[in-house]
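Observations on chain architecture
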Amino acid sequence: MSGTAAAETRVEVRELGKSFRLNGAVLEAVKGVSFDIAKGEFVALLGPSGSGKSTVLNMIATLLKPTAGHILIDGVPTVPNKASRQVGYVFQKDTLFPWRTIADNIGYGLELSGIGKAERAQRVQACIEQAGLQGFADVYPSSLSGGMRQRAALMRTLIMEPQILLMDEPFGALDTHTKIDMHEVLLKIWEREKQTVLFVTHDLSEALTLADRIIMFSARPGRIKEMFEVDLPRPRDAVALRETPRYAELFTHIWHSLGEEFIKDRAP
Amino acid sequence: MMGRAPTTVFWQVLICVAVLALWQWGFDLHGKFPSIVPDLLDPYFVSKPTEIVDQFLVLGCFKTGLGHWNGWSNGDFGRCMVKFDNNLWFATWVTLKNTFFGFLSGVSSGFVLGLILGRSDRLSAIFQPFITAVNSIPRIALAPIIVLAFGIGDSSKIVTSWIVVVFLVFYNTFAGARSVDEGYINAARLLGASEWQITRSVVIPSTMAWVFASLTPAISFALIGVIVGEFIGAEHGIGRLIIESEARGEASGMMVAVIILMIVGVILSALIWRLQVYLLRWQQQRAQ
C-alpha cells in the first residue's frame, strides 16, 4: 500500500461504520472504512463536510461508539469512553477551561494524574515557552486571541506526551496567517517528537503542508475514496513549501479528485 | 464598581432629605393646610424619624423608656440588656444566626441536589414531577406547619428559611449542571479525568455562575423565611420585635425593626457580591 506499511502499525481501523438515528430515519455517516496508520506517521483525513472524517476520528478517540467494525491501537481493541493514556486530542472548538489560567489549563492533565506541584510548574513553563506564550501564564483564556488560545490548547494536550495525536480541524477557525503560524509550530514539534498524527481537515493545502499521507473521504455516506502519498521533503517550511513545483503538482492532482466530492456534496 | 458622578450623589442626598422631611413634618402640614397637603402620613401608622430614633435608643438599651440615658460604667446598660431579653441587639443576633443557618443549609442541599439531578438523566426524569409539585406550594404557607412541628425555638426558623432557599438554589444549579458544555467534558475525559474528577474540575466550576445568580435572592429569601417563622411563634428575633411593637400599637418600634432588616439585607447582599467577584474573577475580564 505504501512505503510505511512495513513499519510498525499503530492504529488499525477495520470495516468501521457508524449510523445515527435522526427523526426515525437512519443516517449512515461512515461505512466500511479501513486503514492502517504506521508509528510516527502523519496522516491527514481530508474530505468535504459531512464526509464522516470527524466521526472516524471521534470513534478512534472513543468519544463515539462504532456501530460496525473495530479499531485497534497497538493491537488492542478500543473501549468506548475509555480514552487510552497515549492518545491526545485537539478540538476545533476552543475547549480551554475559562475558569483556569493559561498555566493551569496547560497543567490540567498533569494535575489529574497526580503530578506534584513543583514538577508540574516546571513542565508547564517549558510548554509555555515552546508555544511562545511567555507572559500569559497567569491570565484567563478570555483575554487571549484565537491563535494563542489554540496554541495553549495544543500544549494542554502535548504536555501529556501522547504517542498518538488526534486533531479535529484544530486550526479551522483561525485566519490564514495564524493558521500558517500554527503549522510551523506543529511541524517543529512533530519533527522532534515524531508522534503518530491523525489530522482531520477540509483544507487541501493544510493537508499537503503537514501530512505524509492523505486519506480522502467521499461525501455521505463517508467512505475512503482514495489515498495519496505526500512525498514532499522534510523538514518542511510551511511557507516556502507552497512555492515548490511538486507541491503545485500534488495540489492539482488531488484537487480534481476532491472537486468531484464537493460537487457530489452539493447535488440534491 | 463604577464611580458615582457628583450630580448623582447630589440628587440621591436631596431625595433622602425630601423623604425624611415629608415623613417628619408632612402630617403637621396636613393639619395646617388640609386642602393642599393630603392626609397620608399619620404618625400613628408610620411614625416619624425623630420618634424612630428615640425608639431605636430605647430598644437598643441606650435609654430607658422614660427617656434617661443608660450609663455604660454604672451598669445600667448591662442591666437593661439582661432584663429586656428581646432587646434590639439580641433580636438582631438571633435573626441573623437563624438566617445564616437557613441560608447555609438551603444553599448546600440545593446545590448538591441540583448537581446530582442535573448530571443524571435518569434521576431527573424520576424526580421531575415531584419537584414541580412541591415547588408549586407557596413555601410561606408551610411556615405554620413547621412552627407546629419544630416548636417556637430556633429550629423552626431555620427549617422555614431552608425550605424557601433550597428550591431557588436547586433550580439554578440544576439548569447550570444541564448546560455544561460537552466540549469541556470531552476535553477533560480525553486528558484522563475520572467521572469524579470531571464533576469536581469541570461541572462544578462551570455551574458556579448559575449558583451565584441565585445567592443574592437566596439571602433575602432566607431572611424572609426567618421573619415569617418569628411572626408565627418565637420568643426572640426581629420578627418577634415587630409583633410586640404591633401589639403595643408602637409604629416606631416596627419601623426600627424594618430599618434594621434593611441594613442587614444590604450588608448580606454586599458580602455575597464580594464573594462572587472573587470566585468568578475569570469572568470579569470578559464583562468589561
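Residues numbered from 1 in each chain as written. Chains lettered and ligands numbered in written order. Predicted model: local features only at pLDDT ≥ 70, side-chain atom pairs only at ≥ 80, totals over all residues.

In terms of helices and strands, chain B carries 13 helices and 0 strands. Each helix (α) and strand (β) of chain B, taken in turn from the N terminus, gives the series α-α-α-α-α-α-α-α-α-α-α-α-α. Over its C-alpha trace chain B gives a radius of gyration of 24 Å, far above what one expects of a compact globule, namely 19 Å for 288 residues. Counting only C-alpha atoms, chain B reaches 80 × 50 × 45 Å along its principal axes. The contacts in chain B between residues at least 6 apart in sequence include a share of 71% that link residues at least 24 apart. (Helix = DSSP H or I, 4+ residues; strand = E, 2+ residues; numbered from the N terminus. Rg over C-alpha atoms; globule rule 2.2 N^0.38 Å. Contact = placed C-beta atoms within 7 Å.)

Here the focus is the overall build of chain A. Check the secondary structure of chain A and you find 8 helices and 10 strands. For 268 residues, the compact-globule formula gives about 18 Å, and the C-alpha radius of gyration of chain A, at 19 Å, lands near that figure. When its C-alpha atoms are laid out on the principal axes, chain A stretches across 55 × 45 × 40 Å. When the 268 residues of chain A are sorted by exposure, 43% land in the buried category. (Buried ≥ 20, exposed ≤ 12 C-beta atoms within 10 Å, placed from the backbone.)

A few words now on the packing of helix H11 (residues 238-247) of chain B against helix H12 (residues 251-279) of chain B. Residues and elements named next belong to chain B. Running from N to C, H11 and H12 cross one another at 160°; their axes reach a closest spacing of 8 Å. By the angle between their directions, the pair H11 and H12 is classed as roughly antiparallel. Of the two elements, H11 crosses H12, and the hand of that crossing is left-handed. Every residue of H12 that contacts H11 at Ile-238, Leu-241, Ile-242, Ser-245 and Glu-246 is listed here: Gly-253, Met-254, Ala-257, Ile-260 and Leu-261. When its residues are assigned to classes, the contact of H11 with H12 shows 7 nonpolar, 2 polar and 1 charged. (Axes fitted to C-alpha atoms, helices over the stretch in contact; angles between N-to-C directions. Parallel < 35°, antiparallel > 145°, perpendicular 65-115°, else oblique. Left-handed = near helix turned anticlockwise from the far one by under 90°. Nonpolar A, V, L, I, M, F, W, Y, C, P; charged D, E, K, R; others polar.)

Here we come to helix H6 (residues 176-193) of chain A. Spacing of three or four residues puts side chains on the same side of an α-helix, whose turn is 3.6 residues. Residues and elements named next belong to chain A. A rise of 1.5 Å per residue sets the reference length of H6, with its 18 residues, at 26 Å; its end C-alpha atoms lie 25 Å apart and thus fit the reference within 8%. For H6, the complete set of buried residues consists of Lys-179, His-183, Leu-186 and Trp-190. Projected down its long axis, H6 carries its buried residues within an arc of 75°, all on one side. Residues His-177, Glu-191 and Arg-192 are exposed on H6 and point more than 90 degrees away from its buried face. For H6, the elements touching its buried residues are strand E3 (42-46), strand E8 (196-201) and helix H7 (204-210). Just downstream of H6, Lys-194 is the residue with a positive phi angle, here 50°. (Expected span 1.5 Å × (residues − 1). Arc of directions from axis to C-beta.)

Before going further, it helps to spend a moment on the sheet that holds strand E2 (residues 25-38) of chain A. All names here are of chain A. If you walk across this open sheet you meet the 4 strands as E2-E1-E4-E5, and the pairing is antiparallel. Of all strands in the sheet, those bounded by a partner on one side alone are E2 and strand E5 (76-77). Bridge analysis of strand E1 (residues 9-22) against strand E4 (residues 68-73) gives 5 bridges, and the strand direction is antiparallel. Its bridge partner being in E4, Gly-17 is matched across the sheet by Ala-68. (Pairing = 2+ DSSP bridges.)

The interface of chain B with chain A comprises 14 residues on the first partner and 19 residues on the second. For the side of chain B that touches chain A, the element with the highest residue contribution is helix H9 (residues 182-190) of chain B, accounting for 6 residues. Residues belonging to the side of chain B that touches chain A are distributed by class as follows: 7 nonpolar, 5 polar and 2 charged.

Residue and element names in this part refer to chain A. When pLDDT is averaged along chain A, the result is 88, and 94% of the positions lie at 70 or above. Put simply, helix H8 (residues 245-266) is where chain A has its lowest mean pLDDT, 81, and E8 is where it has its highest, 96. A low-confidence stretch, residues 1-5 stays under pLDDT 50, and its non-local contacts, those more than four residues away or across chains, total 4 contacts. (pLDDT = per-residue confidence, 0-100.)

Residues and elements named next belong to chain A. Taken in spatial order, the 6 strands make up an open sheet running E6-E7-E8-E3-E9-E10, and their pairing is mixed. With partners counted over all chains shown, the strands left at the sheet margins are strand E6 (87-90) and strand E10 (224-229), one partner each. Strand-to-strand, the axes of this sheet are offset by a mean angle of 15°, without reference to chain direction. Pairing between E3 and strand E9 (residues 213-217): 4 bridges, direction parallel. Counterpart to Leu-46 in the pairing with E9 is Met-216.

Our focus in this paragraph is unusual backbone geometry. In this model, Arg-234 of chain A is joined to Pro-235 of chain A through a cis peptide bond whose omega is -5°. Looking at where Pro-235 of chain A falls in the secondary structure, it is placed in the loop between E10 and H8.

All right, on to the packing of helix H7 (residues 143-150) of chain B against helix H8 (residues 154-178) of chain B then. All names here are of chain B. Two numbers describe how H7 lies on H8: the axes approach to 8 Å, and their chain directions differ by 145°. Every pair of crossing elements has a handedness; the one defined by H7 and H8 is right-handed. Two secondary-structure elements touch here, H7 through Ala-143, Ile-146, Val-147 and Phe-150 and H8 through Ser-155, Ser-156, Val-159 and Thr-160.

Turning our eyes to something else, we now look at the domain arrangement of chain A. Residues and elements named next belong to chain A. Segmentation of chain A into domains returns domain 1 (3-86 + 162-266) and domain 2 (97-161). One C-alpha centre belongs to domain 1, the other to domain 2; they are set 26 Å apart. At the junction of the two partners, domain 1 supplies 10 residues and domain 2 supplies 9 residues. Grouping the amino acids of the side of domain 1 that touches domain 2 by side-chain chemistry returns 8 nonpolar, 1 polar and 1 charged. (Domains from an automatic or database assignment.)

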